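Report on the structure
Spelled out from the first residue to the last, the chains are:
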Amino acid sequence: MLIELKGVKKDYPLGRTVVHAIRGVDLEISEGDFTVIAGPSGSGKTTLLNLMGLLDHPTEGKLFFEGRDVSRISDRDATFIRRSRIGFIFQTFNLIPVLTAIENVELPLLLKRMKGKERRKRAEEALAAVGLGDKLYHKPDELSGGERQRVAIARAIAGMPDIILADEPTANLDSETGLSIIKLMKEMNREQGVTFVFSTHDARIIEVARRKIELLDGKVGSDVVQNSNS
Amino acid sequence: MLFKTAIRNIFKYLRRSLVIFICLIVSIVALQVSDSISEGFKRQSKILMLESAGMILIERKGNDPFDLIQEGIKNFDEVERRIKSVIPDARVIPEIVAPAIVVNDTFSVNTLVIGTRRESLISTKLAKKLKADAGDTIVILSTNRAGGLSIKEVKIESVLTNGLFTGGVDLCIPIDKMEEFLLWDTGEVKQIRVNFNQYEKADSLSKLLSGMFPDLNITPWNERLKNLESLFRISDIKMYLFSFIVLLLTSGIIMNSVLSSVMERKKDLGTIRAIGSSRRFIIFLILTEVVIITFFSCLAGTFFSYIITRKLMQVGFHYESVAEMTQYIPPVLYPAINPLRWIVDVIFLFVWAIIWSIYPAVLIARMPPVKALREEI
Ligand SMILES: Nc1ncnc2c1ncn2[C@@H]1O[C@H](COP(=O)(O)OP(=O)(O)OP(=O)(O)O)[C@@H](O)[C@H]1O
Ligand SMILES: [Mg+2]
């Protein structure tokens, strides 16, 4: 079991009141999963992914990463796990604007203290894998939205993480491009065995996922395996 | 890559970088130029003080400075010749200290005779107080060699502008009349002041002269004027105050600029944190930018300081009206460059710029990545 949530709750103080963003979630993510978190706006998708990505602490309940309780993990240890085991893809791509495509992909490898030559080779491979082998030296603002998200995927897979978390990776793309991005992710999942958990609103994209977790008001509404064959 | 990223960020946020850049240039120029002015002032007024006090003072051994009837140095010409053989650029000034105190009400003054001029000088203040002019007759009360009091009537021959104190007017009384009423041998040298170009060498030169003249007391200025350095340290305080104000302004501008630059980049920095950067790396990233800007500011600033200081060294600050009041303020002040102080200024500004960037850097580095990422720009 890669990630396990047990009775996880997350509250946000908001002025004098408290927002209960996650109201008790039990969930398991296994290696090799290709899971979508669906749900209406405000249902807690982002919050849940942030918790799984060790970017935030649960208010209540327990969170396990490979069996280790990480509910109260220190910033230092969380950083280390994120760096070595988790990849992120963001809705707004979040590429570093001053860096070229290849430098963006190299960045997490640099943080892992990988040496220059190997780093470059890995980054080239990752960009080639997402079909951007010819745009290594483009800056983010010289790329289309779809291409930017591909660079972001390359950045996430380059470090060979155990899991990639993607919060609405297609929300800023038109639906065709969005679909192709998800297909690319699925290909990575199938060929390289990378675990993906992503969130979306888009019904067409939800269909592609193997497992669908429906979030409603901070709770798991349904959790189904929909196309186990693919 | 850290370096490359920093440089590109500097250019991406060019306006903000320029603000820091220019602010640091102004600070370093302000610090270095004010340093040079105070350094020039110090050097010049120190030389003036030392010249008038004598960089090396020579007296007969065993003389009591409070004894008005001292024994003089008999063979002055020979002494002068031998001093010049050791210190070629020496200015050897014989002094004939009059054994008299001129009394007028509560005002008293030592009459001082500069041997080479063979004229007696009374200060301008005294002249003013007496309301005397050329042709007037004044009465001088003095103690004489025998310890008694003498009263002499002296006619003022002329009023001369004294060469030593420019602008001052002194009353001159013919030297023979002084001799007459003070019963005092004006040919006798009581003290010798030796001045030369490198006052720093006074100590070693004194030792050299001591060996040559065993019966004379030879004292360098630093033994007599022990407090001179602390006197100049007081003049430094004003400069420190100025530097402090400059640095205070700099700190505010730097902190503000760095803070707004990191806040604008919250999302980027949050992303870097999310994909596994430590807090230290973020701090490092921001400080690298500041260090690069500071480096170039210091280079450019020192260059400008040099140009400005050189210009000021040609023109000088004119202080004639102030200098009249005291003999120790140079009439024209020329700045002087002290490379060591300039380096200290640079190092200090470097540290200062980093200190004030640490707060914004730490602030953004400590921000939870979720919070930094939520920023929509
Ligand atoms: N920092 C915060 N402070 C206060 N409330 C918050 C905060 N972050 C999220 N919330 C609240 O928590 C709830 C869940 O938010 P979350 O962003 O997880 O929803 P979401 O499912 O991702 O929505 P969307 O589809 O619009 O992105 C919302 O009601 C939101 O207002
Ligand atoms: Mg969301």
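Residues numbered from 1 in each chain as written. Chains lettered and ligands numbered in written order. Predicted model: local features only at pLDDT ≥ 70, side-chain atom pairs only at ≥ 80, totals over all residues. Heavy atoms only, no water.

1. A short note on the site of ligand 1
All names here are of chain A. The line we're drawing: The criterion for a residue being near a molecule or strand is simple. One of its heavy atoms has to lie within 4 Å of it. N or O atoms closer than or at 3.5 Å make up a polar contact, with two conditions inside protein: a donor-capable atom paired with an acceptor-capable one, and, for residues adjacent in sequence, both atoms drawn from side chains. For the accessible areas, the method is Shrake-Rupley and the probe is 1.4 Å, while residue cover comes only from the protein chains on display. Whether a set of points on the 1 Å grid over the protein atoms alone is a cavity depends on a 1.4 Å probe fitting there but being unable to get out, while an open set qualifies as a pocket with protein on both sides within 12 Å along at least five of seven lines; lining residues are those with an atom within 4 Å of a point. Molecules are considered to sit inside a cavity or pocket once more than half of their atoms lie within 2 Å of its grid points.
Taken together, 15 residues surround ligand 1, and among them Ser41, Gly42, Lys45, Thr46 and Thr47 come closest. In this structure, an oxygen atom belonging to ligand 1 sits 3.2 Å away from a main-chain N or O atom of Ser43. Surface burial for ligand 1 is 70%, taken as the share of its 630 Å² of free accessible area covered by protein chains. In a pocket analysis with a 2 Å cut-off to the grid points, ligand 1 is assigned to the second largest pocket.

2. Notes on helix 3 (residues 76–86) of chain B
All names here are of chain B. Stated precisely, the cut-off is as follows: To sort residues, take the accessible area from a 1.4 Å probe on protein chains only and compare it with the maximum for the residue type: under 20% means buried, over 50% means exposed, and anything in between is partly exposed. Every helix listed is a DSSP run of H or I at least four residues long, and every strand listed is a run of E at least two residues long, numbered separately from the N terminus. This arc is built from the directions going out from the helix axis to the C-beta atoms.
Taken together, the buried positions of helix 3 are Phe76, Val79 and Ile83. For helix 3, the buried positions fall inside an angular range of 65° around the axis, keeping them on one side. Facing away from the buried side of helix 3 by more than 90 degrees, the exposed set consists of Asp77 and Ser85.

3. Digging into the layout of surface pockets
For the record, the criterion: Grid points are joined across faces, edges and corners, and a volume is the space filled by probe spheres set on the points. Lys, Arg, Asp and Glu make up the charged group, whereas Ala, Val, Leu, Ile, Met, Phe, Trp, Tyr, Cys and Pro make up the nonpolar group; the residues left over, Gly among them, are polar.
In this structure, the second largest pocket occupies an estimated 690 Å³ of space. Taken together, 30 residues line the second largest pocket, and the ones lying closest to its centre are A:Thr46, A:Asn50, A:Gln91, A:Asp167 and B:Arg374. Elements with a minimum of two residues in the lining of the second largest pocket: helix 1 (45–52), strand 6 (86–89) and strand 7 (163–166) of chain A together with helix 13 (369–374) of chain B. It is helix 1 of chain A that provides the largest number of residues to the lining of the second largest pocket, a total of 5 residues. For the lining of the second largest pocket, the per-class residue count stands at 12 nonpolar, 11 polar and 7 charged.

4. Details of the pattern of salt bridges
Residues and elements named next belong to chain A. The criterion, for reference: We define a salt bridge as a side-chain nitrogen of Lys or Arg found within 4 Å of a carboxyl oxygen belonging to Asp or Glu.
Under the criterion given, the structure shown has 26 salt bridges over all chains. Put simply, Glu4 and Lys6 hold a salt bridge, and the shortest N to O gap is 3.8 Å. By relative accessible area, which is 18% here, Glu4 ends up buried. The class of Lys6 is partly exposed, set by a relative accessible area of 44%. Measuring nitrogen to oxygen at the nearest pair gives 3.8 Å for the salt bridge that ties Glu214 to Lys212. Each member of the salt-bridge network shares a partner with another, and the members are Asp33, Arg211 and Asp223.

5. Comments concerning the interface of chain B and chain A
Applicable threshold: In this description, contact between two residues means that some pair of their heavy atoms is separated by no more than 4.5 Å. By definition, the buried area sums, over both parts, the 1.4 Å-probe accessible area that each loses when the two are put together.
Taken together, the 22 residues of chain B in the interface contact 26 residues of chain A. Summed over both sides, the interface of chain B with chain A buries roughly 2300 Å², with 64% coming from carbon and sulfur. Ranking the residues of chain B by area buried against chain A places B:Met1, B:Arg8 and B:Ile275 at the top, with a combined share of 30%. As a salt-bridge pair, A:Asp75 and B:Arg279 come within 3.4 Å of each other at their nearest N and O atoms. Linking chain B to chain A there are 11 residue pairs in polar contact (both at pLDDT 80 or more). If you list the elements that add at least two residues to the side of chain B that touches chain A, you get helix 1 (2–12), helix 9 (266–274), helix 10 (279–315) and helix 13 of chain B.

6. As for the confidence of the model for chain B
All names here are of chain B. Let me state the cut-off plainly: Values of pLDDT, which run from 0 to 100, indicate the predictor's confidence residue by residue.
Of all residues in chain B, 69% attain a pLDDT of 70 or more, and the chain-wide mean is 77. In the predicted structure, residues 99–121 sits below a pLDDT of 50 and forms 63 contacts with residues beyond four places in sequence or in another chain. This stretch, residues 160–172, has a pLDDT under 50; its non-local contacts, to residues over four places away or in other chains, come to 36 contacts. Scored as a whole, the predicted complex attains pTM 0.77, and scored at its interfaces, ipTM 0.92.

7. Some words on the environment of B:Gly40
Residue and element names in this part refer to chain B. Tracing the chain through its elements places Gly40 in helix 2 (residues 14–53). Sequence separation between Gly40 and Ile337 is 297 residues; the distance between their C-alpha atoms is 7.6 Å. When neighbours within four sequence positions are excluded, Gly40 is seen to be in contact with Leu333, Tyr334, Pro335 and Ala336.

8. Topic: the nonpolar core
Residue and element names in this part refer to chain A. Heads up, the condition is: Within this scheme, the nonpolar core is defined by two criteria: the residues are buried Ala, Val, Leu, Ile, Met, Phe, Trp, Tyr or Cys, and they are joined through side-chain atoms within 4.5 Å.
Grouped together as the largest cluster of nonpolar side chains are 41 residues, with contacts concentrated most on Ile89, Leu127, Met185 and Phe198. Ranked by the residues each element gives to this core, the list is headed by helix 5 (residues 145–158), at 7 residues. Among all residues touching Phe198, those that are not within four sequence positions of it are Phe34, Thr35, Val36, Ile37, Ala166, Pro169, Ile182, Met185, Ile205 and Ala209.

9. Some points on helix 5 of chain A
The line we're drawing: Working rule for helices: expected span equals 1.5 Å times residues minus one.
Between its first and last C-alpha atoms helix 5 of chain A spans 20 Å; for 14 residues at 1.5 Å apiece the expected length is 20 Å, and the two agree. Counting buried residues along helix 5 of chain A, 11 of its 14 residues qualify, which places the element largely inside the surrounding structure. What helix 5 of chain A keeps buried is the set A:Gly146, A:Glu147, A:Gln149, A:Val151, A:Ala152, A:Ile153, A:Ala154, A:Arg155, A:Ala156, A:Ile157 and A:Ala158. Where helix 5 of chain A is buried, its residues touch strand 6, helix 3 (101–111), helix 4 (116–129), strand 7 and helix 6 (175–192) of chain A together with helix 9 of chain B. Immediately beyond the C-terminal end of helix 5 of chain A, within one or two residues, lies A:Met160, with a positive phi of roughly 50°.

10. Observations concerning the packing of helix 3 of chain A against helix 5 of chain A
Residues and elements named next belong to chain A. Rules: Simply put, an axis is a line fit to the C-alpha atoms, just over the touching stretch for a helix, and the angle between two N-to-C directions goes from 0 to 180 degrees. Roughly parallel means an angle under 35 degrees; roughly antiparallel, over 145; roughly perpendicular, 65 to 115; everything else is oblique. Here is the rule for handedness: rotate from the far helix to the near one, and if that takes an anticlockwise turn smaller than a right angle the crossing is left-handed, while a clockwise turn gives right-handed.
For the pair helix 3 and helix 5, the least separation of the axes is 8 Å and the interaxial angle reads 25°. One way to sum up the angle between helix 3 and helix 5 is to call them roughly parallel. Pair helix 3 / helix 5 crosses with right-handed handedness. Counted together, Ala101, Asn104, Val105, Pro108 and Leu109 of helix 3 and Val151, Ala154, Arg155 and Ala158 of helix 5 form the full contact between these two elements. Residue composition of the contact of helix 3 with helix 5, by class: 7 nonpolar, 1 polar and 1 charged.

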